[in-house]
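Tertiary structure, described
Here is how the chains run, residue by residue.
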Amino acid sequence: MISFLIKLWENILIALRALAENKMRSVLTTVGIIIGVLTVVSVASIIAGLNAGFSDQISNLGSNTLYIQKYPWVAKGDWEEYRNRPNITMREVEYIQKNLQVDALVAPSTATRRELKYKDDSLKDIIIRSATINTPQIDAITVDNGRFFTHHEINHKQNKVVIGFEIKDKLFKEIDPIGKKIRIGNTSFTVIGVLEKRGSIFGHSLDSEVYIPVESLFKNFGFHRSIDIVIKINDITKVNQIKDKLQFLMRVVRKLKPNEKNNFSLNQQEMLMETYNNLTNGLYTAAMGIGALSLLVGGIGIMNIMLVSVAERKREIGIRKALGATRGIISFQFIVESIIICSLGGLIAIFFSFLLSLVIDKITPFPSTVPLWSVLMGLGFSSFVGIFFGIYPAMKAARMEPIECLHFE
Amino acid sequence: MDKNNALIDLNGIIKTYHVGTVDVHALRGVDLLIQNKEYISIMGPSGSGKSTLMNIIGCLDTPTSGIYKLESELVHEMDDNKLAEIRNRKIGFVFQTFNLLPRASALHNVELPLIYSGVSSSERRLRAEEALEKVGLSDRKDHKPNELSGGQRQRVAIARALVNRPSLILADEPTGNLDSKTGEEIMEIFGRLNKAGNTIILVTHERYVAENANRIVHIHDGNIAKDEILVRN
Ligand SMILES: Nc1ncnc2c1ncn2[C@@H]1O[C@H](COP(=O)(O)OP(=O)(O)O)[C@@H](O)[C@H]1O
Ligand SMILES: [Mg+2]
């Protein structure tokens, strides 16, 4: 064992010597390996970043929440058809609420963008969301200061508003906003509550939104808009049953004939997840394909360079054999050399992957990290290529007759 | 001569090269006994088969037929790994063209046989330095071959041949690429090594070089023509 380690070390030293003597050639040979490993590792880290940024956020939507909407999340038909669908109305929302009769929360959800003003300060393009009594539970929001809307306020379309944490910071600073009046568009609203901090999704801060009663939103900002119906289910095992019932109720309320298609969409987080997974799987497959191809090309390059190296160093091989190097030692030497060239390529590639990941992290909204497993995989791949494509040249070197090698000029 | 204790016992060694359809008979049946601590020259004109014989003795090449015993072991029955081990431990080679690794230092060149016999790096260094000292090159151990003169290169090669304490040192025209004065210095080293107990076989085509040895085996056209013991006074 010890002597094996010594031999391994000696061979690494010998290989490093040989590589140092042929720097340029070694670097050029590794280009294929670099491209291959870079592709695989980079895609792995991009996807790891997406997973952190995207997949987690999708799952935040909750697998127990269903959405009845005009448009599907994942479009399969043409947009013309979707656009011609009727808007979802409050009447339909109420019908669902009345007839669903299962343990679930139902709420309409719609939004608009308006300017917010308090005294001389204003905020442009703020998302104004509709609220009903179920909204806090469905959107998972809690009030930090003040309170949420009462039944009465919601039913009577009162011009009251619950504001996000950031809105409070920006418009009111140190002042207590409760009871103060702000303008949304051209209408004056009374602040009754401030929400707890919620964080952001895809770079959009959820804390810079406000809620007003749903009917108040219609009254002030127009009726001509499609509403989303949000259904939050308590018993996850009933999802499919409830989906069927929702579809049935929507078809009934819209008086659709059996041969007519649904003119609404039933959306669920699962669909996004599925699409996302298909996308990332596609990326993985493509990356593996490109990576494998580059590694193959790189490997053939390595084999070629090793064969040239063996031919050029015939005399060296002869000398080593004359001094007692066995076939095993000679082939080992060339394999180690091949592995080192490839691993060097792998290391360079991993270095570039880190750079790339850093750039992606800086210039895109997605966090990007190089996962450890992809580094190990990159090194593993390149070493494997080194061994696999090094075997043939190494065997060739090992089998040469010492006396023939020594006669080589 | 004592056949049982012979260092080398060659019996009917034949070496035939096939070049295209032509057979080249390099050795036509050589019988030769060499004892421990001998200093022997193999002499003959160019193409007579000296190098072929030398390579067979040095286990770099195998005979077409015949029996070769080295320290009573049958060499012609050995496999490749065993031959490598014999070359490593029992034989020290000195070539006409030096055959040093061009990009390695003198010290590393001398260390090579020790690497292949698994000697630890610290001991290796010590022994390689010692060997370089024996050939008077202590001050050149970090020089690369192209920074050394021909004579110095050959001395590195001799140090390398010595370093693993082999049973015999084989030198094939070691002065062939050197001027006569440098050649003499090299021959002096061989003389010294033999006095210190090393067995030396020297190949040359020149009588005055051959005469450094105690015995001259004349080879002619693949046969031993004459076995001459030199009597010193
Ligand atoms: N590898 C070889 N292939 C063919 N013929 C060879 C080979 N090596 C040596 N010979 C021939 O064998 C004969 C002996 O060669 P060699 O032993 O090198 O002679 P010397 O060393 O005495 O000059 C020569 O005729 C030479 O041409
Ligand atoms: Mg010769």
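Quick caveat, the model's predicted, so the values are computed rather than measured.

As for the overall build of chain B
- Helices and strands together make up the secondary structure of chain B, namely 7 helices and 10 strands.
- By its C-alpha atoms, chain B is 45 × 40 × 40 Å across when sized along the principal axes.
- Every one of the 233 residues in chain B was classed for burial, and the buried ones make up 56%.
- Split by element, the accessible area of chain B, about 10400 Å² in all, is 46% carbon and sulfur.
- Here chain B holds 29 positive side-chain charges and 31 negative ones, and the gap between their average locations is 3 Å.

As for the packing of aromatic side chains
Residue and element names in this part refer to chain A.
- Per the stated rule, a full pass over the model turns up 11 aromatic pairs over all chains.
- With centroids separated by 5.0 Å and ring planes inclined at 65°, the aromatic side chains of F148 and F149 adopt a geometry described as edge-to-face. Each member of the pair, F148 as well as F149, is classed as buried.
- With a centroid separation of 5.6 Å and 65° between ring planes, the pair formed by F351 and F352 is classed as edge-to-face.
- The class for F352 is partly exposed, based on a relative accessible area of 39%.

Here's the deal with the sheet that holds strand β9 (residues 215–220) of chain B
All names here are of chain B.
- On the basis of which strands lie adjacent, the open sheet formed by 6 strands has the order β6-β7-β8-β3-β9-β10 and mixed pairing. Two strands close off the open sheet at either side, each with one partner strand: β6 (91–94) and β10 (223–229). Strand-to-strand, the axes of this sheet are offset by a mean angle of 20°, without reference to chain direction.
- When strand β3 (residues 39–43) meets β9, the two strands line up parallel, connected through 4 bridges. Pairing of M43 across the sheet is with H218, part of β9.
- In the packing of helix α5 (residues 150–162) onto the sheet, the strands contacted are β6 and β7 (168–172), and the crossing angle to β6 comes to about 170°.

With respect to the environment of N36 of chain B
Residues and elements named next belong to chain B.
- Looking at where N36 falls in the secondary structure, it is placed in the loop between β2 (22–34) and β3.
- The exposure class assigned to N36 is partly exposed, which follows from its relative accessible area of 46%.
- As for N36 and S167, which are separated by 131 residues in sequence, their C-alpha atoms are 7.9 Å apart.
- With sequence-adjacent residues up to four places away left out, N36 is seen in contact with L7, S167 and T199.
- Reaching out from N36, the side chain makes a polar contact with the side chain of T199 at a distance of 3.3 Å.

As for a nonpolar patch on the surface
Residue and element names in this part refer to chain A.
- A cluster of nonpolar side chains, M24, L28, V31 and I35, forms an exposed patch at the surface whose accessible area comes to about 390 Å².
- Elements represented by at least two residues in the nonpolar patch include exactly α2 (23–29) and α3 (31–60).
- Here M24 shows up in helix α2.
- Judged by its relative accessible area of 57%, M24 is exposed.

Concerning the nonpolar core
- I8, L53, I57, Y68, L70, L168 and I201 of chain B are the most contacted members of the largest nonpolar core, which totals 72 residues.
- Sort the elements by how many residues they give to this core and helix α13 (residues 327–363) of chain A lands first, with 10 residues.
- Formed by 34 residues, the second largest nonpolar core is a distinct cluster that contains V94, L114, L132 and A213 of chain B.

A short note on α5 of chain B
- End to end, α5 of chain B covers 18 Å across 13 residues, agreeing with the expected 18 Å (1.5 Å per residue, within 8%).
- Counting buried positions over the 13 residues of α5 of chain B gives 11, a clear majority of the element.
- The complete set of buried residues in α5 of chain B reads G151, Q152, Q154, R155, V156, A157, I158, A159, R160, A161 and L162 of chain B.
- Looking at the buried residues of α5 of chain B, the elements they touch are α12 (314–322) of chain A together with β6, α3 (106–116), α4 (121–134), β7 and α6 (180–195) of chain B.

Some remarks on the pairing of β3 of chain B
Residue and element names in this part refer to chain B.
- Among the 5 residues that make up β3, 5 are buried, leaving the element largely enclosed by the rest of the structure.
- Side chains Y39, S41 and M43 project from β3 onto one buried face, and the interleaved I40 and I42 project onto a second face that is buried too.
- Sheet topology note: the β3/strand β8 (residues 199–204) ladder contains 5 bridges and is parallel. Within β8, the position partnered with I40 by the bridge is I201.

Some remarks on the site of ligand 1
Residues and elements named next belong to chain B.
- Lining the immediate surroundings of ligand 1 are Y17, V19, V24, A26, P45, S46, G47, S48, G49, K50, S51 and T52.
- G47 has a polar backbone atom sitting 2.7 Å from an oxygen atom of ligand 1.
- K50 is positioned with one of its backbone polar atoms (N or O) 2.9 Å from an oxygen atom of ligand 1.
- Starting from 560 Å² of accessible surface for ligand 1 in isolation, the protein chains cover 64%.

What to know about the packing of helix α11 (residues 269–312) of chain A against α13 of chain A
Residues and elements named next belong to chain A.
- Across the interface, α11 lies against α13 with an axial gap of 11 Å and an inter-helix angle of 140°. In terms of orientation, α11 and α13 fall into the oblique class. When the axes of α11 and α13 are compared, the crossing they make is right-handed. Counting all contacts with α11, which are made through I302, I305, M306, S309 and V310, the residues of α13 involved are F334, E337, S338, I341 and C342.
- When the residues that make up the contact of α11 with α13 are grouped by side-chain class, the tally is 7 nonpolar, 2 polar and 1 charged.

So, the pairing of strand β7 (residues 181–184) of chain A
Residues and elements named next belong to chain A.
- Covered by surrounding structure in β7 are I182 and I184 only, the residues K181 and R183 on the alternate face being uncovered.
- Strand direction decides the pairing type here: strand β3 (residues 111–118) and β7, joined by 2 bridges, are antiparallel. Within the sheet, the bridge partner assigned to L116 lies in β7 and is I184.
- One ladder, built from 4 bridges, connects β7 with strand β8 (residues 187–195); its direction is antiparallel. Directly across from R183, in β8, lies its bridge partner S188.
- Where β7 folds back on β8, the antiparallel hairpin that results is connected by 2 residues, among which G185 adopts a positive phi of roughly 60°.

Regarding the environment of D172 of chain B
Residue and element names in this part refer to chain B.
- Along the chain, D172 turns up in strand β7.
- The exposure class of D172 is buried, given its relative accessible area of 12%.
- It is 7.3 Å that separates the C-alpha atoms of D172 and M54, two residues lying 118 residues apart in sequence.
- Leave out the neighbours within four places in its chain, and D172 touches S51, M54, V94, F95, Q96 and V203.
- A distance of 2.8 Å separates a polar atom in the side chain of D172 from a polar atom in the side chain of S51.

The rules behind each value
Residues numbered from 1 in each chain as written. Chains lettered and ligands numbered in written order. Predicted model: local features only at pLDDT ≥ 70, side-chain atom pairs only at ≥ 80, totals over all residues. Heavy atoms only, no water. Helix = DSSP H or I, 4+ residues; strand = E, 2+ residues; numbered from the N terminus. Buried < 20%, exposed > 50% of the residue type's maximum accessible area, 1.4 Å probe, protein only. Areas by Shrake-Rupley, 256 points an atom, 1.4 Å probe, with all protein chains shown as cover. Lys, Arg positive; Asp, Glu negative; His and termini not counted. Charge placed at Lys NZ, Arg CZ, Asp CG, Glu CD. Phe/Tyr/Trp six-rings, centres within 6.5 Å; stacked < 30°, edge-to-face > 60°. Pairing = 2+ DSSP bridges. Axes fitted to C-alpha atoms, helices over the stretch in contact; angles between N-to-C directions. Contact = heavy atoms within 4.5 Å. Polar contact = N/O pair within 3.5 Å; in protein donor to acceptor, adjacent residues only side chain to side chain. Patch = residues over 30% accessible without salt bridge, like charges linked within 9 Å, V, L, I, M, F, W, Y side chains within 5 Å. Salt bridge = Lys/Arg side-chain N within 4 Å of Asp/Glu carboxyl O. Core = buried A, V, L, I, M, F, W, Y, C linked by side-chain atoms within 4.5 Å. Expected span 1.5 Å × (residues − 1). Near = heavy atom within 4 Å. Parallel < 35°, antiparallel > 145°, perpendicular 65-115°, else oblique. Left-handed = near helix turned anticlockwise from the far one by under 90°. Nonpolar A, V, L, I, M, F, W, Y, C, P; charged D, E, K, R; others polar.

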